[in-house]
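Analysis of the macromolecular model
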Protein chains: 2
Amino acid sequence: MNSQVIRNVRPLGEAAVDLVLEQSVIQAVLPAGTAALDMDCLIDGKGQLLLPALVESHVHFDKTLWATPWRPNTAGPTRNDRISNEQGLLKTFDVPIAERAGPLIEHCIARGSLHFRSHVDVQTVWGLRHIEAMLALREKYRQLIDLQLVAFPQGGMLIQPGTTELMRAALDLGVDIVGGIDPAAIDRDPIRHLETLFELATRYERGLDIHLHDPGDLGRWEIERIADMTQACGLSGRVTISHAYSLGAFPPNDLLALADRLAELGISIMSCAPPHVTVPPVAMLRSRGVNVCSGSDGIRDAWSPMGNGDMLERAMLLALRFGWSKDAELAMAFDIVSSGGARALGIPNYGLEAGCQANLLLIPAENLAEAVVDRSMQRTVISHGRIVAQGGVFTGL
Amino acid sequence: MNSQVIRNVRPLGEAAVDLVLEQSVIQAVLPAGTAALDMDCLIDGKGQLLLPALVESHVHFDKTLWATPWRPNTAGPTRNDRISNEQGLLKTFDVPIAERAGPLIEHCIARGSLHFRSHVDVQTVWGLRHIEAMLALREKYRQLIDLQLVAFPQGGMLIQPGTTELMRAALDLGVDIVGGIDPAAIDRDPIRHLETLFELATRYERGLDIHLHDPGDLGRWEIERIADMTQACGLSGRVTISHAYSLGAFPPNDLLALADRLAELGISIMSCAPPHVTVPPVAMLRSRGVNVCSGSDGIRDAWSPMGNGDMLERAMLLALRFGWSKDAELAMAFDIVSSGGARALGIPNYGLEAGCQANLLLIPAENLAEAVVDRSMQRTVISHGRIVAQGGVFTGL
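Below is a summary of the structure that appears in this document. None of the values given here were measured: they were computed from a predicted structure.

Criteria and cut-off values
- Residues numbered from 1 in each chain as written.
- Chains lettered and ligands numbered in written order.
- Predicted model: local features only at pLDDT ≥ 70, side-chain atom pairs only at ≥ 80, totals over all residues.
- Heavy atoms only, no water.
- Contact = heavy atoms within 4.5 Å.
- Buried area = accessible area lost by both parts, 1.4 Å probe.
- Salt bridge = Lys/Arg side-chain N within 4 Å of Asp/Glu carboxyl O.
- Polar contact = N/O pair within 3.5 Å; in protein donor to acceptor, adjacent residues only side chain to side chain.
- Helix = DSSP H or I, 4+ residues; strand = E, 2+ residues; numbered from the N terminus.
- Nonpolar A, V, L, I, M, F, W, Y, C, P; charged D, E, K, R; others polar.
- Buried < 20%, exposed > 50% of the residue type's maximum accessible area, 1.4 Å probe, protein only.
- Pairing = 2+ DSSP bridges.
- Least-squares fit on C-alpha atoms with pLDDT ≥ 70 in both.
- Phe/Tyr/Trp six-rings, centres within 6.5 Å; stacked < 30°, edge-to-face > 60°.
- Lys NZ or Arg CZ within 6 Å of the ring centre and 35° of its normal.
- Disulfide = S-S within 2.5 Å.

**A look at the interface of chain B and chain A**
- At the interface, 31 residues of chain B touch 31 residues of chain A.
- Summing both sides of the interface, chain B and chain A together bury roughly 2700 Å²; the carbon and sulfur share of this comes to 60%.
- Three residues, Trp70, Pro275 and Met306 of chain B, lead the burial of chain B against chain A; their summed loss comes to 26% of the area buried on that side.
- Here chain B is connected to chain A by six salt bridges.
- In this structure, the salt-bridge partner of Arg300 of chain A is Asp374 of chain B, at a minimum N-O distance of 3.5 Å.
- At the boundary of chain B and chain A, one finds 13 residue pairs in polar contact (both at pLDDT 80 or more).
- Taken together, the elements giving at least two residues each to the side of chain B that touches chain A come down to helix H9 (311-322), helix H10 (327-336) and helix H12 (368-374) of chain B.
- For the side of chain B that touches chain A, the leading source of residues is H9 of chain B, giving seven residues.
- Split by residue class, the side of chain B that touches chain A holds 15 nonpolar, seven polar and nine charged.

If you want it as structure tokens, here you go:
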């Protein structure tokens, strides 16, 4: 690929620039109007906002019912009801994962996300079927997106004999991250659960991403144990705690020492910021240096019919959740669905500087705040220097 | 206007019908395919969902900054900070209300709302300027929408001498509803505030809509007093309490008797269901027969940069706020932004039966639940039997 230029775009709302790309990498950032006139023009941005591609840090692609007819939610009220309801549905669901998750991935790309971490169920009821399907999709979309896969023991690990072996098999197949879930409420033996996860992470040299819905003091105690083991195993910067509802159960000022410890160990907190439960005090955590990322969680699945994978909408929902209305707060919401995600996922060369991969989103907005509030669908998505979606329509394959 | 037919639409998701319109009224609802073939066809719905037009029950059109360049939010943290910040901005803002509120009204129509209740500031700092501008807009859009105006003493009534006289003048000019605000926190004399409002409502034979952010026991006590006065003045069915945050401060079961009283007096509760404050227990209130409606509140104004006037998105935000995921719950969210609003606003002939006004929304969705979750922009909006917006584009004037 020869040099190309993206003309007249405003990185994060700053002064307009021309972006020179070479071999899918940003080679130079020049004042607008100064790139060579004979250079191949990828797009004239006409003063649009230039953003790094969005980061979806927590999704369950393997379980979506996307692109299938509407299905009423039939789950019972508890988390275990939902797990068994979903097992019953997905065991026999006759549309293959590729035909549901594939269209959803393309939809997410069209909304501007190019980096994803998807949890993938590892359960004895279906063995490695979900893992294999998602590995195939990772391959299919390899030229377009980063798709990290997490081996996720949704139904529990210790209480479902055979699951730990399946986790190992998934990691052998090339799954990126070790996943866990509610060491106390679901697996009922928090220390054994966490020790098993950290053993797997250490042996396979992988990061960890642990679903933690366990409430109040219980969840907080588990977060402290996760910190202990992160330190003991030398896994600083490679651990994410997803949901961490328990951190919302305390006045933020009671959590300062814990926040400092999370920051020191590079443990990221992932919050979708749902409005009907307690959620981590995101602004306080960030002010202490804790990395925060966000995600869609389940999209149109047996847990919830909600969601559309739009990470700008997620930034808006984060802002609503905390009553953020200042430009700096809305920019923080944007940072969580972009750079915060990139830090949690360990994405190299993320950003808008020379040397970064040209994974970009152009959108008509004055600044980050307006992009989050307005969520215009007039988006142009560029993956590795190539336009892969415009106006909400995926054109990448 | 001769008879026209809307072919092949599914009212609220039920079996497909042909809708025969005459003089902008639904004249007959026939099984799909049975309307006379030579009848003028307004639109072939192709099996889309047919909904009554959405109802925006609480908005502040007069203060929006819509259609003007992005403006960072500069308000201080308290409600009084926000009031004085807004006064300072709007006193000298150089884009006329018609050029901000007009485009916003057209945007809301394009999203499917045709019935509105807008609060309009009555403040001594600008007298009746906002009222006059909104009366002119009501006139401009009279053929397309119901636009109820509320004389709203945003800065207080008793504490701002001259405001009560302005309220009377606004009602003399033809404003529809008497508005009030925080009788305790802002006007600092709850009984005098409420007595003044009910006196105005009685003398002018108008309904009432009272902003009530006053918290906890204080707000609850005020709601009881509003009930007393509604009963004493014979204003059953004509009073709305907006926000009513205090009702979210108690376990729903402690509010059953109060809910029954609100239901008996036909007092509606309006909630935008913001996620960062306590909100009324909507499902419990409805289960006791209390009418609940919803609105956007401020859209892109000095209070908050958020909002787009999309009442289907509002239904989705309501559902998220309460963790609703069942079809019946999502249908309830839809009912709140449609029939609930129509009941609160007292809109005659609202609905999809013969005899109702043909104010309609067509949207591609399987049922109410999917319409709320998906919020497709492929909407066709019909006002009084005429297409006024398609695909998000207003074409009504």
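**Some remarks on the pattern of salt bridges**
- This structure, assessed with the given rule, holds 34 salt bridges over all chains.
- With a closest N to O distance of 3.0 Å, Asp228 of chain A and Arg261 of chain A form a salt bridge. Here Asp228 of chain A is found in helix H6 (residues 216-232), whereas its partner Arg261 of chain A is found in helix H7 (residues 256-264), with 33 residues between them in sequence.
- With a relative accessible area of 24%, Arg261 of chain A lands in the partly exposed category.
- When the shortest N-O distance is used, the salt bridge between Arg288 of chain B and Asp260 of chain B registers 2.9 Å. Placement of Arg288 of chain B in the loop between helix H8 (282-287) and strand E12 (292-293) and of Asp260 of chain B in helix H7 (residues 256-264) is noted, with a sequence separation of 28 residues between them.
- Overall, Asp260 of chain B belongs to the partly exposed group, its relative accessible area being 31%.

**Description of the pairing of strand E4 (residues 40-52) of chain A**
Residue and element names in this part refer to chain A.
- Pairing geometry for strand E1 (residues 4-11) and E4, over seven bridges, is parallel. Residue Gln4 lies in a different strand from E4, and its bridge partner there is Asp40.
- In this sheet, strand E13 (residues 360-363) lies alongside E4 in antiparallel orientation, the contact comprising four bridges. Within E13, the residue paired with Leu51 across the bridge is Leu361.

**A word on the sheet that holds strand E3 (residues 25-31) of chain B**
Residue and element names in this part refer to chain B.
- Spatially, the eight strands line up as an open sheet ordered E3-E2-E1-E4-E13-E14-E15-E16, and their pairing is mixed. Every other strand in the sheet has two partners, leaving E3 and strand E16 (393-394) as the edge strands with one partner each.
- As defined by bridge partners, strand E14 (residues 380-383) adjoins strand E15 (residues 386-390) across four bridges and the pair is classed as antiparallel. Counterpart to Ile382 in the pairing with E15 is Ile387.

**Overview of the relation of the copies chain B and chain A**
- It takes a turn of 180° to lay chain B on chain A, together with a shift of 0.0 Å along the axis; the resulting RMSD is 0.0 Å. The relationship between the two copies is best expressed as a two-fold rotation axis. Proximity to the rotation axis, assessed at the C-alpha, singles out Pro275 of chain B in chain B; its C-alpha lies 2.6 Å from the axis.
- The share of interface residues of chain B whose copies in chain A are also at the interface is 100%, consistent with both copies meeting through the same surface.

**Focus on the sheet that holds E13 of chain A**
- In space, the eight strands of this open sheet follow the order E3-E2-E1-E4-E13-E14-E15-E16 (chain A), with mixed pairing throughout. Each edge of the open sheet is held by one strand with a lone partner, namely strand E3 (25-31) and strand E16 (393-394) of chain A.

**With respect to the packing of aromatic side chains**
- In the structure shown here, the tally under the stated rule is four aromatic pairs over all chains.
- Taken together, a centroid distance of 5.5 Å and an interplanar angle of 55° make the contact between Phe61 of chain A and Phe116 of chain A tilted. Placement of the pair is Phe61 of chain A in the loop between strand E5 (54-59) and helix H1 (79-92) and Phe116 of chain A in strand E6 (residues 113-121), with a sequence separation of 55 residues.
- The class for Phe61 of chain A is buried, based on a relative accessible area of 0%.
- For Phe116 of chain A, a relative accessible area of 0% gives the class buried.
- Between Phe322 of chain B and Trp324 of chain B the ring centres are 5.2 Å apart and the planes differ by 25°, which places this aromatic pair in the stacked class.
- The class of Trp324 of chain B is buried, set by a relative accessible area of 5%.
- Between Arg321 of chain A and the ring centre of Phe322 of chain A, over which it is positioned, the NZ or CZ distance is 5.9 Å.

**Things to note about the state of the cysteines**
Residues and elements named next belong to chain B.
- Enumeration according to the criterion identifies zero disulfides over all chains in this entry.
- The structure places no disulfide on Cys272, whose sulfur is separated from the nearest cysteine sulfur, that of Cys293, by 9.1 Å.
- Residue Cys272 is classed as buried on the basis of its relative accessible area, which comes to 6%.
- No disulfide involves Cys356; its sulfur sits 19 Å from the nearest other cysteine sulfur, which is in Cys293.

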